[in-house]
Amino acid sequence: MSAVKQEQKCLAHAIQEYCGCNVFVCYQCGRCSAGCPVAFAFDWQPRQLIRLIQLDRWADVLAAHTPWLCASCLTCAARCPQGLDVAKVMDAIRMLVRQEGCPIPEPVVEAFHTTFLDMIRQRGRQHELSLMARFKLRGGGLGKDVPLGVRMLGKGKLRLSGQRAGQGGVLARIFAQAGGKPK
Ligand code: SF4
Ligand code: SF4
């Protein structure tokens, strides 16, 4: 993690630069945490994570597993009486972790996101069989789900061949605008 950056910039402001959210509107009512369907798996509840940001606790926030387990369902944003989009804050934390070069707290989740986006970038849509094969190669556990995959193939739930969608140029422009590197 960049110690210089931590000294120079307030974490809340760094988050606001990424996603436009002002965490200081939060008054800790807890409605976001109470409604979150994934809260049981988090190390910090959404409400607690927002408080850590207010307190400028860089190390705790960048090491938190919560943003990587968040399902981006937006329940928290819909429930917040202050209109704080907590899901956007989760996005911003993930971006900051990567920008600061910190260890990814949930590398398997990150491997899935990267694999998913790579496939969209290349094909314009998903092909589940290729997605899972590439994900397993990247995230480990290659042989773990083979029996399940074979059963799904047999039931027609997975297709051997995939389709492409969209035009390469359009996809490249979308990724370029979103900050990704077109391949
Ligand atoms: S967006 Fe994330 S933090 Fe918010 S309710 Fe859904 S899973 Fe929980
Ligand atoms: S619902 Fe909004 S105000 Fe309440 S704790 Fe969550 S982020 Fe803060």
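What counts and what doesn't
- Residues numbered from 1 in each chain as written.
- Chains lettered and ligands numbered in written order.
- Predicted model: local features only at pLDDT ≥ 70, side-chain atom pairs only at ≥ 80, totals over all residues.
- Helix = DSSP H or I, 4+ residues; strand = E, 2+ residues; numbered from the N terminus.
- Buried ≥ 20, exposed ≤ 12 C-beta atoms within 10 Å, placed from the backbone.
- Contact = placed C-beta atoms within 7 Å.
- Near = placed C-beta within 6 Å.
- Nonpolar A, V, L, I, M, F, W, Y, C, P; charged D, E, K, R; others polar.
- Core = buried A, V, L, I, M, F, W, Y, C linked by C-beta atoms within 7 Å.
- pLDDT = per-residue confidence, 0-100.
- Axes fitted to C-alpha atoms, helices over the stretch in contact; angles between N-to-C directions.
- Parallel < 35°, antiparallel > 145°, perpendicular 65-115°, else oblique.
- Expected span 1.5 Å × (residues − 1).

S.K.: Break down the overall build of the protein for me, with residues and values.
M.R.: On a plain count of helices and strands, the protein comes out with 12 helices and zero strands. Start at the N end of the protein and walk to the C end: the helices and strands fall as α-α-α-α-α-α-α-α-α-α-α-α. Along the first, second and third principal axes, the C-alpha atoms of the protein reach 50 × 35 × 30 Å. The buried share among the 183 residues of the protein stands at 20%. Within the protein, residue pairs in contact and separated by at least 24 positions form 65% of the contacts whose partners lie at least 6 positions apart.

S.K.: Please provide a residue-by-residue account of unusual backbone geometry, values included.
M.R.: A positive phi is found at Gln28, a non-glycine position, where the angle reads about 65°. One non-glycine residue with positive phi stands out, namely Ser72, at about 55°. By secondary structure assignment, the location of Ser72 is in the loop between helix H6 (66-69) and helix H7 (75-79). Judged by local crowding, Ser72 falls into the partly exposed class, with 13 C-beta atoms found within 10 Å.

S.K.: Hey, could you go over the site of ligand 2 for me, with residue numbers and the actual values?
M.R.: Within the structure, ligand 2 sits among 16 residues, and Cys26, Cys29, Arg31, Cys32 and Cys80 are positioned closest to it. Mapped by element, the contributors of at least two residues to the shell around ligand 2 are helix H3 (31-35) and helix H4 (46-54). Along the lines of polarity and charge, the residues of the shell around ligand 2 split into 10 nonpolar, three polar and three charged.

S.K.: Outline the site of ligand 1, supporting the account with residue identities and numerical values.
M.R.: Near ligand 1, the surroundings consist of 13 residues, among which Cys36, Cys70, Cys73, Cys76 and Ala87 are the closest. Those elements giving two or more residues to the shell around ligand 1 turn out to be H7 and helix H8 (86-99). With three residues, H8 is the largest single contributor of residues to the shell around ligand 1. Among the residues making up the shell around ligand 1, the classes are represented as 11 nonpolar, two polar and no charged.

S.K.: Can you explain the nonpolar core? Please cite residues and give values.
M.R.: Core analysis: the biggest nonpolar cluster contains 27 residues, and Ile15, Val23, Val61, Val86 and Val89 have the highest contact counts within it. Elements that contribute at least two residues to this core include exactly helix H2 (11-19), H4, helix H5 (58-62) and H8. No other element matches the eight residues that H8 contributes to this core. Look past the residues within four positions of Val89 in its chain and what remains in contact with it is Ile15, Cys19, Cys21, Val23 and Ile50.

S.K.: I'd like a description of the confidence of the model for the protein, backed by residues and values.
M.R.: With 92% of its residues at a pLDDT of 70 or more, the protein has an overall mean of 87. Within the protein, the lowest mean pLDDT, 52, falls on helix H1 (residues 3-8), and the highest, 98, falls on H4.

S.K.: Can you tell me about the packing of H2 against H8, naming the residues and giving the values?
M.R.: Orientation of H2 relative to H8, taken along the N-to-C sense of each, is 105°, at an axis distance of 9 Å. By the angle between their axes, H2 is roughly perpendicular relative to H8. Side by side, H2 and H8 meet where Ala14, Ile15, Tyr18 and Cys19 of the first sit next to Lys88, Val89, Asp91, Ala92, Met95 and Leu96 of the second. In the contact of H2 with H8, the residues fall into eight nonpolar, no polar and two charged.

S.K.: Please set out the environment of Ile15 residue by residue, giving values where relevant.
M.R.: Within the secondary structure, Ile15 is located in helix H2. In sequence terms Ile15 and Ser33 are 18 residues apart; their C-alpha atoms lie 19 Å from each other. Those residues in contact with Ile15 that lie beyond four places of it in its chain are Cys21, Val23, Ile53, Val89 and Ala92.

S.K.: Account for H8, with residues named and values stated.
M.R.: Taking 1.5 Å of rise per residue, 14 residues should cover 20 Å, and H8 covers 20 Å from first to last C-alpha, within 8% of that figure. Taken together, the buried residues of H8 touch H2, H3, H4, H5, H6 and H7.

S.K.: Can you break down the environment of Ala111 residue by residue, with the values?
M.R.: Mapped onto the fold, Ala111 is located in helix H9 (residues 107-123). Separated by 89 residues in the primary sequence, Ala111 and Asn22 have C-alpha atoms spaced 29 Å apart. If sequence neighbours within four positions are ignored, Ala111 has contacts with Phe135, Arg138 and Gly139.

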